[in-house]
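# Working through the structure, step by step
Listed below are the residues making up each chain.
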Amino acid sequence: MIEYLINDTNGSIIFFQDQAMTSRLPVISHVKKFCQDALFTYEGYIKCVKKKVKEKYQIPVVIHETLALFSTCRVRDYENIWINYYAIKDYHEIDGTIEIMFYSGKRLYLKSSLNKFENKIKLLMKIKKIK
């Protein structure tokens, strides 16, 4: 199962529960490919979700029952991390940093507020309910 994806100087790194895979493609290209594999386009999905949920920015992508990705900042930002909601075991805030614990035991730390992080998850759940 994919846990999260990050951009790298040579492309991107995809972190799975038990390994990491490097790719020459940027993260957004992988997200678009996941969408195509599920028989929809990223652009079409974003357009439809914007109309349905009245949100404009950082739209989570619910692909299937084990892959639902949300971004940590603007989609095109180099520092953006895409996190798979289904890989998260728990999370909490420590001094303005979110500590995310994955089922694999790995941890990821984000500079963000708990409120912003939870709003992204609420939006993801809203989309999942519609889908």
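Let me sum up the structure you'll find in this document. Given the structure is predicted, the values throughout are model-derived calculations rather than measurements. (Residues numbered from 1 in each chain as written. Predicted model: local features only at pLDDT ≥ 70, side-chain atom pairs only at ≥ 80, totals over all residues. Heavy atoms only, no water.)

Turning our attention to the overall build of the protein. For the protein, the helix and strand inventory stands at three helices and nine strands. In summary, the protein has a C-alpha radius of gyration of 14 Å against a globular reference of 14 Å for 131 residues, a match within 12%. Relative to its full complement of 131 residues, the protein shows a buried share of 45%. When the accessible surface of the protein is split by element, carbon and sulfur atoms take 53% of a total near 7,900 Å². Each charge class in the protein can be summarised by its mean position, and for the 22 positive and 14 negative side chains these summaries are 10 Å apart. (Helix = DSSP H or I, 4+ residues; strand = E, 2+ residues; numbered from the N terminus. Rg over C-alpha atoms; globule rule 2.2 N^0.38 Å. Buried < 20%, exposed > 50% of the residue type's maximum accessible area, 1.4 Å probe, protein only. Areas by Shrake-Rupley, 256 points an atom, 1.4 Å probe, with all protein chains shown as cover. Lys, Arg positive; Asp, Glu negative; His and termini not counted. Charge placed at Lys NZ, Arg CZ, Asp CG, Glu CD.)

Okay, the pairing of strand 3 (residues 20–23) next. The pairing of strand 2 (residues 11–16) with strand 3 spans four bridges and is antiparallel. Paired with serine 12 across the bridge in strand 3 is serine 23. Here strand 2 folds back onto strand 3, and the loop between the two strands holds three residues. (Pairing = 2+ DSSP bridges.)

On to the packing of aromatic side chains, then. Any pair of aromatic rings gets described here by the distance separating the centres and the angle formed by the planes. Taken as a whole, this structure holds six aromatic pairs when the rule is applied. Measuring from ring centre to ring centre gives 4.4 Å for tyrosine 4 and phenylalanine 15, while their planes differ by 20°; the resulting arrangement is stacked. Separated by 11 residues along the polypeptide, tyrosine 4 in strand 1 (residues 2–8) and phenylalanine 15 in strand 2 bring together distant segments of the chain. Accessibility classification places tyrosine 4 together with phenylalanine 15 in one group, the buried group. The class of tyrosine 4 is buried, set by a relative accessible area of 10%. Linked through ring pairs, Tyr4, Phe15 and Phe102 together constitute an aromatic cluster. (Phe/Tyr/Trp six-rings, centres within 6.5 Å; stacked < 30°, edge-to-face > 60°.)

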